[in-house]
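# Descriptive structure summary
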Amino acid sequence: MSVSSAKQRQAEGKINQARQVAQAFAKPLGGWIATFQEAIGMSAPALAERLGVSRNSVYSSIQKEKAGTISLNQLDKMAEAMGGKLVYAIIPHKGAVEEIVMAQARKKAKRIIQRTRAHMALEEQIEGLRSQEEMIEELAKEIAREMPRDFWK
């Protein structure tokens, strides 16, 4: 196993682990800032004082978080001021990382197999071939294993 392959496997493991953990919780309706404030009993004026900003700035940050426009840096500062820690991750919508890779490999394999079969049909060489699905799956596994430079194109 090459170094880059080992690094990729480690990254896959980390992402898949984060995905499992993330499934256990969802963003609260009021957002994390307001929810954390509520949990520790910290008022907006107290948070504003810790941050060295106005109360309106705290309320603005809460609204930005709800709207999805707050920066990670700003959210991190808010968390630190409340004695918390910002944690974020990018995880797959569905399934594991390997499924994303295999879906892309299948797309590439399907294009290749369809093109090849079309040429073979023109030359009347298509009889006796395995099913298209079997060929696609076999080629997809090979493509995913090799990860050519144009893999994501």
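Below, the structure is looked at part by part. (Residues numbered from 1 in each chain as written. Predicted model: local features only at pLDDT ≥ 70, side-chain atom pairs only at ≥ 80, totals over all residues. Heavy atoms only, no water.)

### Concerning the overall build of the protein
What counts is decided by this rule: Each helix is a run of H or I in the DSSP string that is no shorter than four residues. Each strand is a run of E no shorter than two, and both are numbered from the N terminus. The globule rule used here is 2.2 Å times the number of residues to the 0.38 power, and the radius of gyration it is set against is calculated over C-alpha atoms. Accessible area is worked out with a 1.4 Å probe on protein chains only. A residue is then buried under 20% of its type maximum, exposed over 50%, and partly exposed in between. Two residues form a contact once any of their heavy atoms are found within 4.5 Å. Shrake-Rupley sampling with a 1.4 Å probe provides the accessible areas, and residues are treated as covered by the protein chains on show and by no other component. All tallies of charge rest on Lys and Arg as positive and Asp and Glu as negative; His and the ends of each chain are not included. Charge positions are represented by NZ for Lys, CZ for Arg, CG for Asp and CD for Glu.
Counting its regular elements, the protein contains seven helices and zero strands. N-terminal to C-terminal, the α/β element order of the protein is α-α-α-α-α-α-α. At 25 Å, the protein has a C-alpha radius of gyration far larger than the 15 Å of a compact globule built from 153 residues. Of all 153 residues assigned to the protein, the portion counted as buried reaches 27%. Sequence-distant contacts, at least 24 apart, represent 62% of the contacts inside the protein between residues at least 6 apart. As displayed, the protein has an accessible area near 11200 Å², and 54% of this comes from carbon and sulfur atoms. Counting 24 positive and 18 negative side-chain charges, the protein places the averaged centre of each group 8 Å from the other.

### Section: helix α3 (residues 44-51)
Our working definition: Summarising the geometry, the arc corresponds to the directions from the helix axis toward the C-beta atoms. Nitrogen and oxygen atoms within 3.5 Å of one another constitute a polar contact, given that in protein one can donate a hydrogen and the other can accept it, and given that sequence-neighbouring residues count only through two side-chain atoms.
Within α3 the residues assigned to the buried category are Ala-44, Leu-47 and Ala-48. Viewed end-on, α3 has its buried residues packed into an arc of 100°, placing them on one side of the element. The outward face of α3, more than 90 degrees from its buried face, is lined by the exposed residues Glu-49 and Arg-50. Check the buried side of α3 and you find it contacts α2 (32-40), α4 (55-67) and α5 (72-81). By the N-cap criterion, in which a side-chain oxygen at the helix start approaches the backbone nitrogen of a residue two or three places on, α3 is capped by Ser-43, the distance to Ala-46 being 3.2 Å. Note on α3: the residue one or two positions beyond its end, Gly-52, has a positive phi of about 75°.

### Details of the packing of aromatic side chains
Cut-off, in case you're wondering: Pairing of aromatic rings covers Phe, Tyr and Trp, the last counted by its six-membered ring, and requires centre-to-centre distances within 6.5 Å; plane angles under 30 degrees mean stacked, over 60 mean edge-to-face, and any other angle means tilted.
As enumerated under the stated definition, the model contains one aromatic pair in all. Arranged with centres 4.9 Å apart and planes meeting at 85°, the rings of Phe-151 and Trp-152 form a pair that is edge-to-face. When its relative accessible area of 1% is taken as the criterion, Phe-151 is described as buried.

### With respect to the side chain of Lys-108
By the element assignment, Lys-108 lies in helix α6 (residues 97-122). Judged by relative accessible area, Lys-108 falls into the buried class, the value being 10%. Here the side chain of Lys-108 touches Asp-150 through a polar contact of 3.1 Å, landing on its backbone oxygen. Not counting residues up to four positions away in its chain, the partners in contact with Lys-108 are Ile-143, Asp-150, Phe-151 and Lys-153.

### A short note on a nonpolar patch on the surface
What counts is decided by this rule: Exposure above 30% relative accessible area and no salt bridge define the residues that can form patches, which grow by joining like charges within 9 Å and nonpolar side chains of Val, Leu, Ile, Met, Phe, Trp and Tyr within 5 Å. Salt bridge criterion: a side-chain nitrogen from Lys or Arg within 4 Å of a carboxyl oxygen from Asp or Glu.
A cluster of nonpolar residues, Val-21, Phe-25 and Trp-32, forms a patch on the protein surface that exposes about 310 Å² of accessible area. Structurally, the position occupied by Trp-32 is in helix α2.

### Side note on the side chain of Glu-12
For Glu-12, the position within the fold is in helix α1 (residues 3-22). The residues touching Glu-12, leaving out its near neighbours within four places in the chain, are Val-97 and Glu-98.

### Considerations on the environment of Asn-56
In this fold, Asn-56 is placed in helix α4. When its relative accessible area of 60% is taken as the criterion, Asn-56 is described as exposed.

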